[in-house]
Amino acid sequence: MAARNRYRLLPSVDRILSDERVRALANGGEPGIATIIVRQAIESARLAIAGGSEAPTEDQLVESVLGLAGAAFEPSLRPVINATGVIIHTNLGRAPLSDDAIEAMAAVSRGYSNLEFELEAGERGSRYAHLESVLTRLTGAEAAIAVNNNASALLLTLSTLGHDGEIIISRGQAVEIGGGFRIPDVMAQSGARLVEVGTTNRTYLRDYEAAITEQTAAIMRVHASNFRIVGFTVAPSINELGSLSRKRGVLLIDDIGSGCLLDTTEFRLAPEPTVRESLETGAHLVLFSGDKLLGGPQAGVIVGRADLVAQLRRHPLARAVRMDKASIAGLTATLHHYLRGEALTKVPVWRMIATPLSEIERRARRWARAIGQGGRVLDGRSMIGGGSLPEESLPTRLLAIPGEGGYIAELALRLRMGDPPVIARIERDSLLLDPRTVQPEEDRDLITAVKTALEVA
Ligand SMILES: *Cc1c(COP(=O)(O)O)cnc(C)c1O
């Protein structure tokens with residue numbers, strides 16, 4: 001039958017709306033939503049017909065309406081089990097939060113709070129006060145402000161200090177961080193003029209020195225957080241840049257990317273710049289994310305000289321990028337774990353980094369036993385991920401389910417479509433599941449999901 005005639009077989013919107021099952025849908029939900037969903041289903045059917053398919057029967061169309069309605073009434077954002085072994089997985093929501101952080105967020109969200117209220121004086125207060133004391137205590141900085149994320153921290157800093165001035169940056173650091181977020185674009189947006197010095201692989205201190213003029217607003221360093229240039233390379237240390245900035249009286253801004261407050265080398269990982277070190281060696285402002293190695297909610301933190309932080313606070317953009325109360329509560333609770341010296345056991349990102357191999361092995365073996373035949377335990381590597389410690393990994397044990405490509409892809413799809421979805425890694429014709437990034441309380445759900453997927457695959 002010609003496509004033109006097949007379109008005629010499609011029932012009308014009203015006809016589908018009069019179906020008993022669809023009527024039940026219309027009664028419960030937002031008025032009008034049933035009509036929208038029926039139109040959507042008919043439109044998809046028309047597209048399918050245009051693509052050469054047969055017209056669906058009335059019953060099939062009702063089924064697809066019910067399917068679409070099911071999806072429409074459920075939020076699309078939901079928890080997943082991360083079995084990829086990538087600890088800070090940007091696509092999977094970066095850092096999972098500690099119980100204390102979650103409780104603090106829930107507590108200030110449920111009711112009112114003293115977000116901008118001085119309890120003792122009974123007067124208006126500042127939302128910035130809550131984080132400032134814990135941030136300055138932890139980092140030794142004079143002052144601090146936290147905003148929506150590190151991208152907005154950069155935009156605010158450059159707009160405030162670099163507007164109409166020049167910012168000197170190494171060509172090797174004028175990079176794209178990810179998701180199309182490019183340092184040069186943010187600079188352009190802020191009104192600062194970018195002065196690139198050196199080459200992609202080699203920039204010397206004298207390159208920075210030669211670029212300093214009356215127009216210079218600051219020197220900026222950007223930590224190469226998601227790539228590494230190896231081999232024939234030179235970049236001055238933050239120490240050397242600190243000396244130059246003092247000698248020539250220009251500001252030094254350090255975007256260290258990940259907010260690392262602990263020593264990564266204790267876990268045989270490459271050293272990551274720490275906030276304190278950067279401040280001590282001469283950076284006037286240090287910028288970092290709240291949800292990478294810091295292990296808190298999405299945030300961008302700026303710590304450093306009090307007069308500069310005060311300028312940031314007064315800038316109109318500060319209001320546009322301010323943090324909300326739940327994130328302030330969550331970040332504060334996360335930082336308190338560091339103050340109390342319990343980050344390694346309480347902050348999930350660090351707990352995952354610090355989990356002993358024997359513990360991971362024990363869980364991988366338990367998973368293998370629970371799913372029965374088909375799985376075996378292999379050596380592997382977990383990645384830090386998330387624009388922190390590029391290329392850095394930790395030894396781990398994996399549950400591997402071998403099979404040919406099509407079967408493994410099908411298995412991975414079934415796991416992703418399960419409830420809760422489980423995200424695995426595929427490598428060399430094996431499906432790999434890493435216990436390091438699966439929270440122990442998720443073990444039962446993971447085992448059930450794998451068993452179910454194996455049964456039907
Ligand atoms: C991740 C990162 C950013 C962006 O931080 P968000 O918190 O994701 O906005 C900026 N600079 C560097 C060096 C980064 O690693």
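About the criteria used
Residues numbered from 1 in each chain as written. Predicted model: local features only at pLDDT ≥ 70, side-chain atom pairs only at ≥ 80, totals over all residues. Heavy atoms only, no water. Domains from an automatic or database assignment. Salt bridge = Lys/Arg side-chain N within 4 Å of Asp/Glu carboxyl O. Helix = DSSP H or I, 4+ residues; strand = E, 2+ residues; numbered from the N terminus. Expected span 1.5 Å × (residues − 1). Buried < 20%, exposed > 50% of the residue type's maximum accessible area, 1.4 Å probe, protein only. Arc of directions from axis to C-beta. Contact = heavy atoms within 4.5 Å. Pairing = 2+ DSSP bridges. Axes fitted to C-alpha atoms, helices over the stretch in contact; angles between N-to-C directions. Phe/Tyr/Trp six-rings, centres within 6.5 Å; stacked < 30°, edge-to-face > 60°. Lys NZ or Arg CZ within 6 Å of the ring centre and 35° of its normal.

## Quick word on the domain arrangement of the protein chain
With domains assigned, the protein chain is organised as domain 1 (3-73), domain 2 (81-89 + 354-456) and domain 3 (99-346). Here domain 1 and domain 2 have C-alpha centroids that lie 39 Å from each other.

## Side note on the pattern of salt bridges
Should their charged atoms come close, side chains of opposite charge can pair. Scanning the model with the defined rule gives 28 salt bridges in all. Among the ionic pairs, Arg365 bridges to Glu361, the shortest N-O distance being 2.7 Å. Taken together, the positions of Arg365 and Glu361, both in helix H18 (residues 357-371) and four residues apart, correspond to about one turn of that helix. Asp434 serves as the salt-bridge partner of Arg425, at 4.0 Å between the closest nitrogen and oxygen.

## Quick notes on helix H4 (residues 33-50)
Taking 1.5 Å per residue as the helical rise, H4 with its 18 residues ought to reach 26 Å, and the 26 Å between its terminal C-alpha atoms agrees with that figure. Taken residue by residue, H4 has Ala34, Ile37, Val38, Ala41, Ile42, Ala45 and Ile49 as its buried positions. The arc enclosing the buried residues of H4, seen along the axis, measures out at 135 degrees, which places them on a common side. Those residues of H4 that are exposed and aimed more than 90 degrees away from the buried face are Ile36, Arg39, Leu47 and Ala50. Just beyond H4, the residue with positive phi is Gly52, at close to 105 degrees.

## Quick look at helix H20 (residues 443-456)
For an α-helix, 3.6 residues make a turn, and residues three or four places apart therefore share a direction. Across its 14 residues, H20 extends 20 Å between first and last C-alpha, which sits within 8% of the 20 Å expected from 1.5 Å per residue. Taken together, the buried positions of H20 are Asp443, Leu446, Ile447, Ala449, Val450, Ala453 and Leu454. Seen from one end, H20 has its buried residues packed into an arc of 160 degrees, which puts them on one side. Within H20, the exposed residues directed more than 90 degrees away from the buried face are Arg444, Glu455 and Val456. Of the surrounding secondary structure, the elements contacted by the buried residues of H20 are strand S1 (81-82), H18, strand S14 (393-402), helix H19 (405-416), strand S15 (422-423) and strand S17 (430-433).

## A closer look at the sheet that holds strand S16 (residues 425-427)
Spatially, S13-S14-S17-S16 is the arrangement adopted by the four strands of the open sheet, whose pairing is antiparallel. Pairing within the sheet leaves two strands with one partner each, and these edge strands are strand S13 (376-383) and S16. The sheet shows a mean angle of 45 degrees between the axes of neighbouring strands, taken without regard to direction. Bridging between S13 and S14 involves eight bridges; their strand directions are antiparallel. When the sheet's bridge partners are listed, Val377 is paired in S14 with Leu399. Sheet contacts for H18: S13, S14 and S17; angle to S14, the most-contacted strand, approximately 5 degrees.

## Quick look at the packing of aromatic side chains
Counted according to the given criterion, the structure contains one aromatic pair. Summarising the aromatic geometry, the rings of Phe267 and Trp350 are spaced 6.0 Å apart at their centres and angled 50 degrees between planes, so their arrangement reads as tilted. Taken as a pair, Phe267 in the loop between strand S10 (251-258) and helix H12 (275-280) and Trp350 in helix H17 (residues 348-354) lie far apart in primary sequence, 83 residues in all. Residue Trp350 is classed as buried on the basis of its relative accessible area of 0%. Over the aromatic face of Tyr7 sits the side chain of Arg46, whose NZ or CZ is 4.6 Å from the ring centroid.

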